[in-house]
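# Topology and contacts: notes
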Amino acid sequence: MSGVQTLTVSEDDEGQRLDRWFRRIFPHIAQGRIEKMCRKGEIRVDGGRVKSSTRVEAGQQVRIPPLPDPGQVVSRPKPTVSDKDAEMLRSCVLYKDDYIIAINKPPGLPTQGGSKQTKHVDGLAEALKFGYEEKPRLVHRLDKDTSGVLLLARTRKIASDLTGAIRHKETRKIYWAVVAGVPTPYLGEIRFGLMKAPGRGRKGEAEKMICVHPREMDSHPDAKRAHTLYATLYRVASRAAWVAMEPITGRTHQLRAHMAEIGHPIAGDGKYGGSKQENLGDGWGAKIGGIISNKLHLHARSMTFEHPVTGKLTTITAPLPEHMANTFETFGWTEDLAADDPFEGI
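Residues numbered from 1 in each chain as written. Predicted model: local features only at pLDDT ≥ 70, side-chain atom pairs only at ≥ 80, totals over all residues. Heavy atoms only, no water.

To be explicit about the condition: UniProt positions are given in the numbering used here, feature names are shortened, and annotations may be inferred rather than shown by experiment.
If you check an unreviewed UniProt entry, the protein appears there as Pseudouridine synthase from Actibacterium pelagium. Annotation of the protein in UniProt includes, under Sequence similarities (unreviewed entry), the sentence "Belongs to the pseudouridine synthase RluA family." Of the protein, the UniProt comment under Function (unreviewed entry) reads exactly: "Responsible for synthesis of pseudouridine from uracil."

Right under this line is the structure:
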């Protein structure tokens, strides 16, 4: 058992979550124990109590309580990535250099582990080392059923830089969706705030976001402001539309909740649009009907950012997943019909 020690956060670790920083240095300490030590105030940063999710800053002093030696902890062996899963994830790579990897995340694959999730990008990222000693790190997330561009950083410093750029809105993301009905006006913005509704499950598995009208924000202290731009690109009568969206803020389920709130839920979104009723252009139900897949039709089409090393403005674009490509074919749409930037000039 070690004694109390104090460690200084280095510049390379700037912006990391405390629990991830801790586990890199003490990999034999389980996540649950780190969270417990934070709750009890045994782990402190610059003398203050912190949460495991707190992001550390260079130069901060972290108090480490007495810890068991590695030999005293019986740790579970790390699950290995199967050849099949490794091949699958490598086939998703859109872009790779010495600093960044971008993949086209398949729908249905979670970004990180959670309730009952054993296979996820973070766990499979061992397959994306490509000669590096450490696996690449996630710098943002996509919902499990959302496909598209997902960035990973190949070093801690790059992860910190990219996470900071996303947090300070220095990156740009454009999503494509198929929605029920046709939004009007064709070009608009949504400014409903978002707040969490409690989930029904023991761990909040059914948790979802509730929209709050901008005029009512002061009455809901837990609500956070949210802002989405949308552009209706093409439509099929009054039944469905191809919509581009740009989230100006980055709230949980923002695009899904916002589109449902204005009466045009994203096709296949049972959580926010209702899963049983067909949408006949009246704002009810997230089903298009016919041969259209009931999977979520939300895709992170592109991400634009300043490369943290070269300084070059970089845009990464992801082709549609199979179920959305099939829907596009059914409606007679092709990917090249959309402008690279549907919001140019706004």
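Next comes the rest of the write-up.
### Here's the deal with the layout of surface pockets
For the record, the criterion: Cavities and pockets were defined on a 1 Å grid built from protein atoms only: a cavity is a group of points that admits a 1.4 Å probe but offers it no way out, a pocket is an open group of points flanked by protein on both sides within 12 Å along at least five of seven lines, and a lining residue is one with an atom within 4 Å of any such point. Grid points are joined across faces, edges and corners, and a volume is the space filled by probe spheres set on the points. Helix and strand definitions follow DSSP, with helices as H or I runs of at least four residues and strands as E runs of at least two, each counted in order from the N terminus. Residues are grouped as follows: nonpolar covers Ala, Val, Leu, Ile, Met, Phe, Trp, Tyr, Cys and Pro; charged covers Asp, Glu, Lys and Arg; every other residue, Gly included, is treated as polar.
The space that makes up the second largest pocket amounts to roughly 230 Å³. What lines the second largest pocket is a set of 14 residues, among which Ser302, Thr317, Ala339, Asp340 and Asp341 lie closest to the centre. Residue assignment for the lining of the second largest pocket shows that the elements contributing at least two residues are strand S9 (172-180), strand S15 (298-306) and strand S16 (313-317). Class assignment for the residues of the lining of the second largest pocket results in 5 nonpolar, 4 polar and 5 charged.

### Quick word on the nonpolar core
Selection rule: Here, the term nonpolar core denotes a set of buried Ala, Val, Leu, Ile, Met, Phe, Trp, Tyr and Cys residues that are joined through side-chain atoms within 4.5 Å. Summary of the burial criterion: residues with accessible area below 20% of their type's maximum are buried, those above 50% are exposed, and those between are partly exposed, where the area comes from a 1.4 Å probe applied to protein chains only.
By size, the foremost hydrophobic cluster in this structure holds 36 residues, and its most contacted members are Ile103, Met245, Ile266 and Leu298. If you list the elements that add at least two residues to this core, you get strand S6 (100-105), helix H4 (121-124), strand S8 (147-153), S9, strand S12 (208-212), strand S14 (240-247), helix H6 (254-261) and S15. For this core, the leading source of residues is H6, giving 4 residues. In terms of nonpolar packing, the next biggest core, distinct from the first, is built from 19 residues, Ile174, Val178, Ile292 and Phe331 among them.

### Concerning the environment of Leu151
As for its position among the elements, Leu151 is in strand S8. With 11 residues separating them in the primary sequence, Leu151 and His140 have C-alpha atoms 6.9 Å apart.

### A closer look at the packing of aromatic side chains
The geometry of an aromatic ring pair is captured by two quantities: the separation of the ring centres and the angle between the planes. The cut-off we apply is this: Aromatic rings from Phe, Tyr and Trp, taking only the six-membered ring of Trp, are treated as a pair when their centres fall within 6.5 Å; an angle between ring planes under 30 degrees marks them as stacked, one over 60 as edge-to-face, and anything in between as tilted. Charge over a ring is defined by NZ of Lys or CZ of Arg lying within 6 Å of the ring centre and within 35 degrees of the ring normal.
For the structure on display, the rule yields 8 aromatic pairs. With a centroid separation of 4.6 Å and 55° between ring planes, the pair formed by Trp242 and Phe328 is classed as tilted. In this pair, Trp242 sits in strand S14 while Phe328 sits in helix H8 (residues 322-331), placing the two residues 86 residues apart along the sequence. Each member of the pair, Trp242 as well as Phe328, is classed as buried. Ring pairing ties together the aromatic residues Trp176, Tyr234, Trp242, Phe328, Phe331 and Trp333, which thus form one cluster. Lying across the ring of Phe130, Lys96 places its NZ or CZ 4.9 Å from the centre. Looking at Arg154, its charged tip hangs above the ring of Tyr132, at a distance of 3.8 Å from the centre.

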